[in-house]
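Descriptive analysis of the structure
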Amino acid sequence: MVSTIPYNCTDSQDKSTAAPEHSLLTYDQLIERDQLVEYSANSHTSYYLFSTLAKLELRLCWRIQQTLLDEGFEQFSNPDFVKTIGIEGISGDIEGKDLLNLLPTQDFGDRESLNAMYLVGGASKYPLISYFARHTLQNPQVLPLNIFSIGRQYSQVTEENSSLLNTQQSTAITLLNISASRNEMELNLDRILNLYTHILQDFGEVRIIQKGASDLDLCEETRYVFQVCLPVSKKFVQVGELSVEGDYYSRRLMFKQKDEQQTYRNVWTLSGTLLNITRILPIVLETTQNNPKLIQKFYD
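Here we summarise the structure given alongside this text.

Calculation rules
- Residues numbered from 1 in each chain as written.
- Predicted model: local features only at pLDDT ≥ 70, side-chain atom pairs only at ≥ 80, totals over all residues.
- Heavy atoms only, no water.
- Helix = DSSP H or I, 4+ residues; strand = E, 2+ residues; numbered from the N terminus.
- Rg over C-alpha atoms; globule rule 2.2 N^0.38 Å.
- Buried < 20%, exposed > 50% of the residue type's maximum accessible area, 1.4 Å probe, protein only.
- Lys, Arg positive; Asp, Glu negative; His and termini not counted.
- Charge placed at Lys NZ, Arg CZ, Asp CG, Glu CD.
- Pairing = 2+ DSSP bridges.
- Contact = heavy atoms within 4.5 Å.
- Axes fitted to C-alpha atoms, helices over the stretch in contact; angles between N-to-C directions.
- Core = buried A, V, L, I, M, F, W, Y, C linked by side-chain atoms within 4.5 Å.
- 1 Å grid on protein atoms, 1.4 Å probe; cavity = no way out; pocket = protein on both sides within 12 Å on 5 of 7 lines; lining within 4 Å.
- Points joined across faces, edges and corners; volume = space filled by probe spheres on them.
- Nonpolar A, V, L, I, M, F, W, Y, C, P; charged D, E, K, R; others polar.
- Polar contact = N/O pair within 3.5 Å; in protein donor to acceptor, adjacent residues only side chain to side chain.
- Salt bridge = Lys/Arg side-chain N within 4 Å of Asp/Glu carboxyl O.

Turning next to the overall build of the chain. For the chain, the helix and strand inventory stands at eight helices and 16 strands. The C-alpha atoms of the chain give 20 Å as radius of gyration, which agrees with the globular expectation for 300 residues (19 Å, within 12%). The principal-axis extents of the C-alpha atoms in the chain amount to approximately 65 × 45 × 35 Å. Here the chain holds 300 residues, and the buried ones make up 50% of them. When the 26 positive and 37 negative side-chain charges of the chain are each reduced to one mean point, those points stand 2 Å apart.

In this section: the pairing of strand 13 (residues 235-246). Sheet topology places strand 12 (residues 222-230) next to strand 13; nine bridges connect them, and they run antiparallel. The residue bridging Q227 from the neighbouring strand is Q238, located in strand 13. In textbook terms, the turn of a hairpin is the stretch between consecutive antiparallel strands, and for strand 12 and strand 13 this stretch comprises four residues, one of which, K234, has a positive phi near 60°.

Our next topic: the sheet that holds strand 6 (residues 100-101). The strands that make up a sheet pair up through hydrogen bonds in the backbone, lying either parallel or antiparallel. Read across the sheet, three strands follow the order 5-7-6 without closing on themselves; strand pairing throughout is antiparallel. Lying at the two open borders of the sheet, with one neighbouring strand each, are strand 5 (81-83) and strand 6. When strand 5 meets strand 7 (residues 117-119), the two strands line up antiparallel, connected through three bridges. Its bridge partner being in strand 7, K83 is matched across the sheet by M117. On the sheet, helix 3 (residues 84-91) packs against strand 5 and strand 7 and is oriented at approximately 85° with respect to strand 5.

Checked against the element boundaries, I295 lands in helix 8 (residues 292-296). Note on I295: relative accessible area 25%, which makes it partly exposed. Excluding residues that lie within four positions of it along the chain, I295 makes contacts with V284 and T288.

What follows covers the nonpolar core. F203 and L242 are the most contacted members of the largest nonpolar core, which totals 49 residues. The greatest single-element share of this core, amounting to eight residues, is contributed by helix 5 (residues 182-200). Judged by nonpolar contacts, the second largest core, of 25 residues, contains L99, Y126, I129 and L253.

Let us now look at the layout of surface pockets. Quantified by volume, the largest pocket comes out at close to 1,300 Å³. Q153, S155, Q238, E241 and T273 are the residues nearest the centre of the largest pocket, which is lined by 40 residues in total. Mapped by element, the contributors of at least two residues to the lining of the largest pocket are helix 3, helix 4 (125-130), strand 9 (145-154), strand 10 (169-179), strand 12, strand 13 and strand 16 (268-276). Looking at the lining of the largest pocket element by element, the count peaks at five residues for strand 13. Looking at the lining of the largest pocket residue by residue, the class counts come to 11 nonpolar, 19 polar and 10 charged.

Bringing the side chain of S170 into the picture now. In this structure, S170 sits in strand 10. Reaching out from S170, the side chain makes a polar contact with the side chain of T167 at a distance of 3.2 Å. Among all residues touching S170, those that are not within four sequence positions of it are Y47, G151, R152, Q153, N276 and T278.

A complete count under the given rule lists nine salt bridges for this structure. In this structure, the salt-bridge partner of D217 is R223, at a minimum N-O distance of 4.0 Å. Since its relative accessible area comes to 41%, D217 is described here as partly exposed. One continuous salt-bridge network, built from bridges that share partners, spans D217, E220 and R223.

Here it is as structure tokens:
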């Protein structure tokens, strides 16, 4: 199976108020002109946000937080660190090759020890899903559970160029849906896909790609990747993803529900990054330049 594009949502912004294309700047040019970001000399992926860009990052977090709370989601606060057992249980990658690990101490070792400590961020799926390992829901009537977390995500970066699209640390919003059955999970999948689309349409043209089997991780039945277009740079940027895991985590992590007959049954999950705030900032910069009315809606 190859990757397909099941949706392509055109933004609803008023093009009549936009500046002529030849006068528009790319996000890098806007950042340099207005001195919105300082990149650290210690690392090509370390950065500091200034002025309106720092305020916009906070405002977007608050805005989407309120949207999710209005939709009935519950907010979690997760740790930034996960040990090898959590990484292996969730992704199947016992070495955590794409993750950042701490130097060994008396409490944990290096990668090869299989007792390493990884810096993944509170908005990563690893601490969120690990919370439910070896957990039994005694009252399955609470399902479906819809959970989200706002915080940092950390990942390895090999490219040398400094850009908000290429950072080891990102501000992100991740979510987890836990359902009682496959039918319930599929109903929630439609609802959450619509939620993604509703939130992302405010930022411009949205493209949703359904990944093929060769691109999937061990835990996934399928994955949807969400991209938004940089209007001046003229390229699509991945800002989120949603994985359909089925009952994989329930079987893998011994996460169960107990029904009225005291029988243990599997639960079904969906999870992913709803929005990478750091990556959406360049899109907002390019979209709203020379048009204060457009950027104001993110503060309403």
